[in-house]
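# Observations on the model geometry
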Amino acid sequence: MFSALSDSLDKTFRNLRGVGKISEKNITDALREIRLALLEADVEFGVAKEFIAKVKEKAMGVDVFKSIKPGEQIVKIFNDELTHLLGDDAEALNLNPPAHILLCGLNGAGKTTTAAKLALRLQKEGRRPLLIACDLYRPAAIDQLATLAKQINVPCFTPDPDEKNLVKVAKQALAWAKDQQGTALIFDTAGRQEIDEKLVAELKELHRFVSPAETLLVADSATGQQAVSVARHFDEAVGITGIILTKLDGDARGGAALSMRQVTGRPIKFIGEGEKLDQFGVFHPERMASRILG
Ligand code: GDP
């Protein structure tokens, strides 16, 4: 992830560092190149534009022109703004027990895998997570969650295969969870190829019933601009409290990761970096910025 973007930035910054005395034109040229690199990496147009404007405003400050190493200073401004764009600080989950955590997202984004990853993480922190399968459309998804749950030794609620009433399933799941004395309940919901009204209506109903402390959108970082519009839609539907970006281990361009926070105003809380259940971690904006800067 980010390799093409990192290469372009590296080249631009190397050129800038090579300039002895920096002029306004040097900065403008460099920022134009950076803007192109961001757009090529699939960063949303408005986000790229605003970001560049901010870097420019700061870089044009007299300090840069006076400084001994103006190139370095601009790299620093860029780094700071990038960290800010990504969200400044890592954001924790609201985990007051029994914490209800609803995962939503499109099919294939990595919801089911992420549900198990999150359960494993919470278990390692000494909590008692429970997994709840709420995808009533794909029996395979229920089996997949049950299999993953077994691997990590986390109890899993699986609905009756003939039951099609989601609220009824959620009601049964909550009664089961009470008996299990779980402290964090992770609900894996049905996805779709794309957002449709039925999905949204069902999700809203489940959301209302479960009243989750966290509603996390699981988004595939490789889907570029689409991931951003998906985030907008889910947020409008149920009000997401955060984003989990999956597949950051892939070779996609990574622009979605850069646009998500800005476009939705919701923090990226976790990242998935592989198919294995321990390839998951808290999202650190600063680390991500350093990774992008190479
Ligand atoms: P769902 O349809 O949203 O529930 O998605 P799944 O959990 O079934 O995941 C779809 C595919 O993506 C599976 O093959 C997962 O192993 C894979 N996957 C999930 N998260 C990651 C990740 O962070 N990195 C990689 N490389 N693959 C992932």
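One can find the structure itself at the top, above this paragraph.
Quick summary incoming for the structure in this document. The structure presented is a predicted model; accordingly, all values stated were derived computationally and were not measured.

This brings us to the nonpolar core. One finds Leu5, Phe13, Leu38, Leu82, Phe234, Leu245 and Leu258 to be the most contacted residues of the largest nonpolar core, which totals 74 residues. Other than its neighbours up to four places away in sequence, Leu82 contacts Phe51, Leu258, Ala289 and Ile292. If you look at the next biggest cluster of nonpolar residues, it comprises 28 residues, including Ala99, Ala116, Leu131 and Val154.

Bringing the sheet that holds strand β7 (residues 268-272) into the picture now. Ordered in space as β3-β2-β4-β1-β5-β6-β7-β8, the eight strands form an open sheet in which the pairing is mixed. Each end of this open sheet is capped by a strand with a single partner; those strands are β3 (156-157) and β8 (280-282). Where helix α11 (residues 255-264) meets the sheet, it contacts β5 (214-220), β6 (242-246) and β7, and its direction lies at approximately 165 degrees from that of β6.

Right, let's talk about the site of the ligand for a bit. Taken together, the neighbourhood of the ligand is formed by 17 residues, with Gly108, Lys111, Thr112, Thr113 and Asp249 sitting nearest. Contacts to the ligand include Gly110, whose backbone N or O atom sits 2.9 Å from an oxygen atom. Within the contact set of the ligand, a nitrogen atom lies 3.2 Å away from a backbone nitrogen or oxygen of Gly274. Out of a free accessible area of 580 Å², the ligand has 81% covered by protein chains. It is helix α6 (residues 111-124) that contributes the most residues to the shell around the ligand, four residues altogether. Tallied by class, the residues present in the shell around the ligand amount to two nonpolar, eight polar and seven charged.

Moving on to the pattern of salt bridges. For the coordinates displayed, the defined rule picks out 17 salt bridges. The residue Glu163 makes a salt bridge to Lys168 at a minimum N-O spacing of 3.7 Å. Given the relative accessible area of 15%, Glu163 is considered buried.

It is worth spelling out helix α3 (residues 45-59) at this point. Between its terminal C-alpha atoms α3 stretches 21 Å, which fits the 21 Å expected from 15 residues at 1.5 Å a residue. Within the span of α3, buried status applies to Val47, Ala48, Phe51, Ile52, Val55 and Ala59. For α3, the buried positions fall inside an angular range of 125 degrees around the axis, keeping them on one side.

The rules behind each value
Residues numbered from 1 in each chain as written. Predicted model: local features only at pLDDT ≥ 70, side-chain atom pairs only at ≥ 80, totals over all residues. Heavy atoms only, no water. Core = buried A, V, L, I, M, F, W, Y, C linked by side-chain atoms within 4.5 Å. Buried < 20%, exposed > 50% of the residue type's maximum accessible area, 1.4 Å probe, protein only. Contact = heavy atoms within 4.5 Å. Pairing = 2+ DSSP bridges. Helix = DSSP H or I, 4+ residues; strand = E, 2+ residues; numbered from the N terminus. Axes fitted to C-alpha atoms, helices over the stretch in contact; angles between N-to-C directions. Near = heavy atom within 4 Å. Polar contact = N/O pair within 3.5 Å; in protein donor to acceptor, adjacent residues only side chain to side chain. Areas by Shrake-Rupley, 256 points an atom, 1.4 Å probe, with all protein chains shown as cover. Nonpolar A, V, L, I, M, F, W, Y, C, P; charged D, E, K, R; others polar. Salt bridge = Lys/Arg side-chain N within 4 Å of Asp/Glu carboxyl O. Expected span 1.5 Å × (residues − 1). Arc of directions from axis to C-beta.

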